[in-house]
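# A look at the structure
Below are the chains, spelled out letter by letter.
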Amino acid sequence: MASTPNAATPTDFTANPRSWLRRWAGADEIAHLITLLAAATLLLIAVLLVYQLWTLSGEARTKFGWGFFVTKTWDPVAGDFGALPFIYGTLMTSAVALIIAVPLGVGAAIFLAELATPNLSSSLTFVSDLLAAVPSVIYGLLGVFLLVPLMRTTIQPALKKTLGFLPFFQGPAYGIGFLTAGIVLAIMIVPFVLSVSREVLLAVPRDQREAALALGATKWESTWKVVVPAARIGIFGSVFLALARALGETMAVTMVIGNNPKISASLFSPGYSIASVLANEFSEATGNLYLSALIELGLVLFLLTFVLNGLARLLILVTTARGSGVLPT
Amino acid sequence: MSPRLAWRKSLNVVMLSLTGLCALLTVSALFFILGYLAWNGGKDLSWSFFTHLPAPVGEVGGGMANAIVGSMKLLLLAALFGVPIGLLGGVYLAEFGGRTVPFLVRYTADLMNGVPSIVMGIFAYALVVMPMHHFSTLAGGIALGIMVIPTVLRNTESFLRDVPLSLREGSFALGANKWRMIATVVLPAASRGILTGVLLALARVAGETAPLLFTAFGNRYWSPGWMQPTSSLPVVIYTYATGPYEDWHRQAWAAGLVLLGLVLVTNILVRAFLTRGTAYERT
């Protein structure tokens, strides 16, 4: 550590004014300043991000006002821009994804937290973490070549036959559309629901379970009526976190949603989401108004995920602070 | 056994098996994805895939050498830009911070972590592409670099906090300054955890497509220097998978297998070896 053996003792350190260490006595302030600058860079980036999104969307904001959110037309040629079809598509696909992913993720989390042995639980969590690391474009690839044909030939006709009286399952089966995008999204967000839910379930104190079992409850009753309600808020947190992921997910959705700015109650019909219109049209947007309308969509997406993430963190913090104090990130 | 008890016991068995089924379904998704990609992409993986440029549009054959190199260049830029800021910022939070600034930085980092990657693309577009008036490797690298910062920062902070107080006190007792204590005692002690965070963050952005679509764009040829648009593996997979040619589809599978392989191998190695003995759940 020290270059010379005697440099390590305080006496030599002050006695020799030419010592390397002595000259660097004020270096603590410099180190403080450098690291502070790095931390401040992150703050600067965040401020710049909001500033850029706000100013660059100025033209569209002044021209369309709040009407932007309720206008159904998206016509770049005529310069007429409305966000409604994209907001609708984003919410619709995310809703489908949550309906599938939440029971699956919470169910799996219950298994991992309550039933599995610690070894099995940690190796399954490992696999689920790996699943979360799979790039979005890979899900899109499987979606395009595997899920879309399967939906067109098998799943959608079957749904139409059994549940066709509902408005959600009507119309021609193209394969692409809200339902397909929602299913792909569901597979992508299950790991997030799973890992956070498992964490908050494990944070429920052990005596709660034991008390329920001592009162004669079965394992399932103690889990469902005692442990899950105790972790309820944190599980909601995991759902919000997953929802924020689903809203902003771009590539996989773009590849299977059909890219058609249309509002339809049927889940079979092709649609469009905020993230996928950005992916498709941003690099070829001509004209300032077009670009500015797209950036306003980006701003909407940013604000949505901002609010959801903040809420999710708060909920998870509240639950785990009561329990073990682990804050999953 | 009363009918009521029988009902409760059978409900217990049914519901608990259902949770097991949920876990099984979730976990098997990974093996299914991996198997399906290996099955479809494996047969088109050849030596020329790694060494050749893409064939002219419509022609069969060619490779993705430029996309592989492009991805590496983008990752290098992301690491050069994002890792130092994240690392030093993490040191600040763990070692120097007061009250208000660290709270703000922590909150911002968590917020930035949740910003959709496509929005990061817009940001890098506004920051780099608009002033320069053209797409470039630099813009893509900065987009990915910004995404690396929050993860590295939070992770570095949490591992530095795990370093025992006794090590710091020992270092002070030997007459070290604070910066010396940090650089020669605390950082080395936390180095495995920090490295884990850095590698996982890089593995995550390696698969990002959305922020590259309008920053690094794409290129069917080599991209000299840092100021030209460049091809990258994720963007090529997207373009080829949504393109009209059969041969493109086959190459998209092969590229997908390579990308997934790289990401998963990095993840497994890092989590299996670097986190041995540390609580990797904290990352």
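Source: prediction; values computed, not measured.

### Topic: the overall build of chain B
Looking only at helices and strands, one finds eleven helices and zero strands in chain B. Scanning chain B from its N terminus toward the C terminus, one meets helices and strands in the order α-α-α-α-α-α-α-α-α-α-α. For a compact globule of 283 residues, the expected C-alpha radius of gyration is about 19 Å, and chain B comes in at 24 Å, more than 25% above that figure. The burial tally for chain B puts 49% of its 283 residues in the buried class.

### A short note on the overall build of chain A
Each helix and strand counted, chain A has 14 helices and two strands in total. Burial statistics for chain A: of 329 residues in total, 50% are counted as buried. Restricting to contacts in chain A with at least 6 residues of sequence separation, those with at least 24 account for 75%.

### Considerations on the environment of B:V258
Inspection of the secondary structure puts B:V258 in helix α11 (residues 246-274). A residue is classified by how many C-beta atoms lie within 10 Å of it, and B:V258, with 21 of them, is buried.

### As for the domain arrangement of chain A
Accessible area lost during the coming together of the parts is what is often quoted as the interface size. We note that the domain assignment places domain 1 (5-56) and domain 2 (71-322) within chain A. Domain 1 of chain A and domain 2 of chain A are separated by 43 Å when their C-alpha centres are compared.

### Describing the confidence of the model for chain A
Low pLDDT marks stretches whose predicted atomic positions should not be read closely. Averaged over every residue, the pLDDT of chain A is 87; residues scoring 70 or more account for 90%. Of the regions scoring below 50 in pLDDT, residues 323-329 of chain A engages in 16 contacts with residues more than four places distant in sequence or in other chains.

### Examining helix α8 (residues 178-202) of chain A
Residues and elements named next belong to chain A. Taking 1.5 Å per residue, 25 residues should reach 36 Å; α8 reaches 35 Å between its end C-alpha atoms and fits that length. Where α8 bends most, at I189, the angle is about 35 degrees, and the proline P191 comes one to four residues later. Among the 25 residues that make up α8, 25 are buried, leaving the element largely enclosed by the rest of the structure.

### Some points on helix α3 (residues 65-96) of chain B
For an α-helix, 3.6 residues make a turn, and residues three or four places apart therefore share a direction. Residues and elements named next belong to chain B. Here α3 contains 32 residues, and its C-alpha end-to-end distance of 45 Å stays within 8% of the 46 Å for a straight helix at 1.5 Å per residue. Approximately 30 degrees is the largest bend angle found in α3, and it occurs at G82, with the proline P84 only one to four residues beyond. Among the 32 residues in α3, 25 count as buried, and that is most of the element.

### Observations regarding the interface of chain B and chain A
In this complex, chain B contributes 73 residues to the contact, which on the side of chain A involves 74 residues. Broken down by element, the side of chain B that touches chain A gets its largest block of residues, 18 residues, from helix α1 (residues 3-41) of chain B. Considered class by class, the residues forming the side of chain B that touches chain A number 50 nonpolar, 16 polar and seven charged.

### Let's talk about unusual backbone geometry
One non-glycine residue with positive phi stands out, namely A:N259, at about 50 degrees. Within the secondary structure, A:N259 sits in the loop between α12 (251-256) and α13 (274-281). Residue classification places A:N259 among the buried residues on the basis of 20 C-beta atoms within 10 Å. Of note in this structure, B:F217 is not a glycine but carries a positive phi near 60 degrees. Relative to the helices and strands, B:F217 resides in the loop between α9 (191-206) and α10 (233-242). Of the residues examined, B:F217 has 22 C-beta atoms within 10 Å and is grouped as buried.

### Here we look at the environment of B:P150
Residue and element names in this part refer to chain B. Note that P150 resides in helix α6 (residues 137-161). C-beta crowding within 10 Å serves as the criterion here: with 27 such atoms nearby, P150 is assigned to the buried category. For the pair P150 and D110, spaced 40 residues apart in sequence, the C-alpha separation works out to 6.9 Å. Residues in contact with P150, not counting those within four places in the same chain, are A109, M112 and N113.

### Some points on the packing of helix α7 (residues 136-163) of chain A against α10(B)
Each pair of packed helices gets described by two things: the angle between the helix axes and the distance between those axes. Following both chains from N to C, one finds α7(A) and α10(B) inclined at 15 degrees, their axes separated by 10 Å at the closest point. One finds that α7(A) runs roughly parallel with respect to α10(B). Pair α7(A) / α10(B) crosses with left-handed handedness. For the pair α7(A) and α10(B), the contacting residues are A:V137, A:G140, A:L141 and A:V144 in the first and B:P234, B:I237, B:Y238 and B:A241 in the second.

Each value, and the rule that gives it
Residues numbered from 1 in each chain as written. Chains lettered and ligands numbered in written order. Predicted model: local features only at pLDDT ≥ 70, side-chain atom pairs only at ≥ 80, totals over all residues. Helix = DSSP H or I, 4+ residues; strand = E, 2+ residues; numbered from the N terminus. Rg over C-alpha atoms; globule rule 2.2 N^0.38 Å. Buried ≥ 20, exposed ≤ 12 C-beta atoms within 10 Å, placed from the backbone. Contact = placed C-beta atoms within 7 Å. Domains from an automatic or database assignment. pLDDT = per-residue confidence, 0-100. Expected span 1.5 Å × (residues − 1). Bend = angle between axes of the 7 residues up to and from the residue. Nonpolar A, V, L, I, M, F, W, Y, C, P; charged D, E, K, R; others polar. Axes fitted to C-alpha atoms, helices over the stretch in contact; angles between N-to-C directions. Parallel < 35°, antiparallel > 145°, perpendicular 65-115°, else oblique. Left-handed = near helix turned anticlockwise from the far one by under 90°.

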